[in-house]
Structures are given as C-alpha cells and as structure tokens.
Amino acid sequence: MVDQFWNRRVLVTGHTGFKGGWLAMWLRELGAQVSGYALAPEFSGGIFSACKLEGVIDSRIGDIRDRDRLRGAFEQSQPEIVFHLAAQSLVRRSYCEPLATLETNAIGTANVLEAVRHAPSVRAVVVVTSDKCYENPETAHAFRERDRLGGADPYSASKGCAEIVAHAWRRSFLENREPPVALATARAGNVIGGGDFAEDRIVPDAIRAFSHDQVLCVRNPDAIRPWQHVLEPLSGYLALARALIERGRKFSGAWNFGPQDSAAATVAQLVELLSDAWGGARWRVQPAADGLAEARMLWLDTAKASKRLGWRPRLSLREAVDFTVEWYRAAPSVRGPRLYDLSVEQIRRYSRIGDAATPDPRRGTHVSP
C-alpha cells in the first residue's frame, strides 16, 4: 500500500476522533510520517484507543483553542500537508453547548490556519467541514459547492463559519504567502464505520443496543441522509491533498464528497440493513422528547470531485453497513494490534473495490497504489 508520494510529514488535527483515527492509520500505511494534535480520546472503544494508534503515530494531546500549544505542535512536527478534522461534531450536543461548538469549529479553524500561516513547511491544507454547512430549505435539491452557506442550528452555523474562515485566510494570507499554501475545504455526508462510539448517532446507538440484545429507539426514521462509509470521504481527502501539492491553487476551494445516489436513504432503511447484517435485531420509533430540530433531507452533488479529481464512491449502502458491522463484531475479541490489522485490511479491501484504489487527479482516473 506504500505510495512514494506520501513520504511526507503530515499533521492531522482531530486524530483521536473517528474520522481522524482512520485517516491517520491510512496515511501511516501509505508511508507518511504522521503527527496528530487533538483532545484526549473521548471513548475507550473508539478507533484511536481500540487500535492503539498512540503507539504508531506521533500523538500530541491538546485543544485547538489553545493557540500557543497548537503553534508548538506545528513547530515540532514541521508538516508539509495538514488535514484539519478537529471539531465538535455533534448536532444535538451543539444545542447544549452552542458557544463551545462555535469556538471550536470556527475560532478553532482560524487558530489552525494562523498556525499554518506561520509554518513555512506547510504546502497544502484540507479543512474538513460538513455537508450541513449549506443553507438547507429541505427540498430534493442536491447541494453543489457554489450553493449558499447557512445553518439553522449551532452546529450547522459553526460549519458555515468555518468555511468562511477558511476562504478568508486562503485569500488574505495563504495563497499570497511565500511559499504559497494551497487550501481546500471538504464537505462530506453522514459517515459510518467501525470505531465510532459518539452519542446520538444512529450506528453507535444501534451497536450499543444490539450488543446487549436491547431494542433500538429511533428518533427520526424518515430523515434522509447521504450515508457513506468512513473510507469514502477519506479517499477523497487524500486525492484532494495530492492535487493541492501537485497542482496548487487550481484545486483550492470547496469540494463535496458524498455517496452513490442509492446510498442516500432514510434512517429506517439504514437501521433495517444494520439489523439484517447483525443477524436480526429489534428497533422501534420513539420521537425525541426534547424537540430539538434536525434536518429531514440532505443530498450532495459530487460531480466536481468526479470530473476534476477522478474520485467516485465505491461502496453501496449495504457494503458500507457490512464493513461497519464486521468491525464492531470483531472489536470485543481482537483489540490492539489485531484490530489495527483488521482495520488496515478493510482499507486494503476498499482500495481494491471497483477498477482501482487511490484517485489520481493528474489523469482524472483511478490508479492502484
């Protein structure tokens, strides 16, 4: 899996989280010298702790709101590529912690980009935001990168703010710096996969219930989401970072990474697939008593990534669920190095699906790593 291109120093913020842990692992297998900066892992069963990633990458614990500590991480790691994933990532938590969510997602992003601004080693940055950064009128419209930003809840607003911050720092400071920094933002859908134990997310909630033979309670069974396995958007982030290094500002700006059209499904359809893959499990509808609003429909248009990066989603929703359940089924008995090996094997298997693995933006096609 080693790719000579990735023989570089790479910093991942949020490496102790779900997506960040998988990305750090993938980068290491590609041959990158990976450093991470993030809060301590919140869940002992999560991908970072369960796979013992602290032993295989240069892990630094800190808050992106701590500017001095963050700047120190950049000075020590001297990254050429930065993936910024550190965030408060839960919509419902943002109602309880609106200011902390805004501070982390908007001001935290500005802190990271200020550190980039003063780090001469950096050549490319991928800022990961969310598909929820768009102003969502709840129609069947598939959001394109040029659509209006917005947010009717604190989380969505914070992600829209992060997009604006990234645009401002790119135009005001980074692309005019010497040497210049190419910066892009990445917007992905609802991600599933092994190692996610966050609260108020349907897959972790389902696994907790199914593992204890309990009935899963579902709040919004008819809500439509662009479900995708965690490796899908990560493959897009990797392709995007490579394009930023090789082609520079031509690939700056915003990018959507969503699933196949068939993978945009209701919560109820996802739960049925999870139940089947688990071997049969029970669930029922129980509307939330707190009345907190959540978007009922969300779609992404990924034509830009397909045309310009040669990126495309590879997994059907059923395949994404099968990957996910396989990981959770194995986790209780194969923690540590064996679970790391299983996770890497999933990355390799994902890379072999279809006609290729790592996208090559130079040709708009896929090539094997």
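Summarised in this report is the structure supplied together with it.

Procedures and definitions
- Residues numbered from 1 in each chain as written.
- Predicted model: local features only at pLDDT ≥ 70, side-chain atom pairs only at ≥ 80, totals over all residues.
- Heavy atoms only, no water.
- Helix = DSSP H or I, 4+ residues; strand = E, 2+ residues; numbered from the N terminus.
- Expected span 1.5 Å × (residues − 1).
- Buried < 20%, exposed > 50% of the residue type's maximum accessible area, 1.4 Å probe, protein only.
- Contact = heavy atoms within 4.5 Å.
- Pairing = 2+ DSSP bridges.
- Axes fitted to C-alpha atoms, helices over the stretch in contact; angles between N-to-C directions.
- Salt bridge = Lys/Arg side-chain N within 4 Å of Asp/Glu carboxyl O.
- Core = buried A, V, L, I, M, F, W, Y, C linked by side-chain atoms within 4.5 Å.

### Description of helix H9 (residues 267–278)
Then comes step 1: When the terminal C-alpha atoms of H9 are compared, their 16 Å separation across 12 residues agrees well with the 16 Å that a helix rising 1.5 Å per residue should span.
Then comes step 2: Of the positions making up H9, those classed as buried are Val267, Ala268, Leu270, Val271, Leu273, Leu274, Ser275 and Trp278.
Then comes step 3: Turning to H9, the residues buried within the fold contact strand E7 (191–192), helix H7 (202–211), strand E8 (216–218), strand E12 (264–266), strand E13 (283–285) and helix H11 (317–330).
Then comes step 4: In the stretch just after H9, glycine 279 is the one whose phi turns positive, near 105 degrees.

### Section: the environment of glycine 46
Then comes step 1: Mapped onto the elements of the fold, glycine 46 is located in the loop between strand E2 (33–38) and helix H2 (47–50).
Then comes step 2: Classification of glycine 46 by relative accessible area gives buried; the value is 8%.
Then comes step 3: Each C-alpha atom of the pair glycine 46 and glycine 195 lies 4.4 Å from the other, and the pair is 149 residues apart in sequence.
Then comes step 4: Beyond its immediate stretch of four places on either side in the chain, glycine 46 contacts Cys51, Gly195 and Phe197.

### Examining the sheet that holds E2
Then comes step 1: Taken in spatial order, the seven strands make up an open sheet running E3-E2-E1-E4-E5-E6-E11, and their pairing is parallel. Pairing within the sheet leaves two strands with one partner each, and these edge strands are strand E3 (58–61) and strand E11 (253–257). Taking each pair of neighbouring strands and ignoring which way they run, the sheet shows an average axis angle of 20 degrees.
Then comes step 2: Relative to E3, E2 runs parallel, the two sharing four bridges. Across the sheet, glycine 36 pairs through a bridge with serine 59, a residue of E3.
Then comes step 3: Of the strands in this sheet, strand E4 (81–84), strand E5 (124–128), strand E6 (182–188) and E11 touch helix H8 (residues 231–247), which is tilted by about 150 degrees from E5.

### Overview of unusual backbone geometry
Then comes step 1: The omega torsion across glutamate 178 and proline 179 is 0 degrees, close enough to zero to call that bond cis.
Then comes step 2: In this structure, lysine 52 takes a positive phi of about 55 degrees despite not being glycine.
Then comes step 3: For lysine 52, the location among the structural elements is in the loop between H2 and E3.
Then comes step 4: With phi around 50 degrees, glutamine 78 is a residue other than glycine that occupies positive phi space.
Then comes step 5: Secondary-structure assignment places glutamine 78 in the loop between helix H3 (67–77) and E4.

### Remarks on the pattern of salt bridges
Then comes step 1: Scanning all chains against the criterion turns up 23 salt bridges.
Then comes step 2: Where arginine 242 meets aspartate 3, a salt bridge forms, and the shortest distance between an N and an O atom there is 2.8 Å. Of this pair, arginine 242 sits in helix H8 while aspartate 3 is found in the segment before strand E1 (9–13), placing the two residues 239 residues apart along the sequence. In this structure, arginine 242 and aspartate 3 share a single accessibility class: buried.
Then comes step 3: The partner of arginine 65 in a salt bridge is aspartate 63, with the nearest N and O atoms 2.9 Å apart.
Then comes step 4: With a relative accessible area of 36%, arginine 65 lands in the partly exposed category.
Then comes step 5: When salt bridges with common partners are traced through the structure, they connect Asp3, Arg242 and Glu246 into a single cluster.

### Looking at the nonpolar core
Then comes step 1: Residues Trp6, Leu27, Phe83 and Trp327 are the most contacted members of the largest nonpolar core, which totals 82 residues.
Then comes step 2: Those residues in contact with leucine 27, other than ones at most four positions away along the chain, are Trp6, Val10, Val12, Ala32, Val34, Phe83 and Leu238.
Then comes step 3: By size, the runner-up hydrophobic cluster in this structure holds 23 residues, among which are Val112, Val122, Val165 and Ala166.

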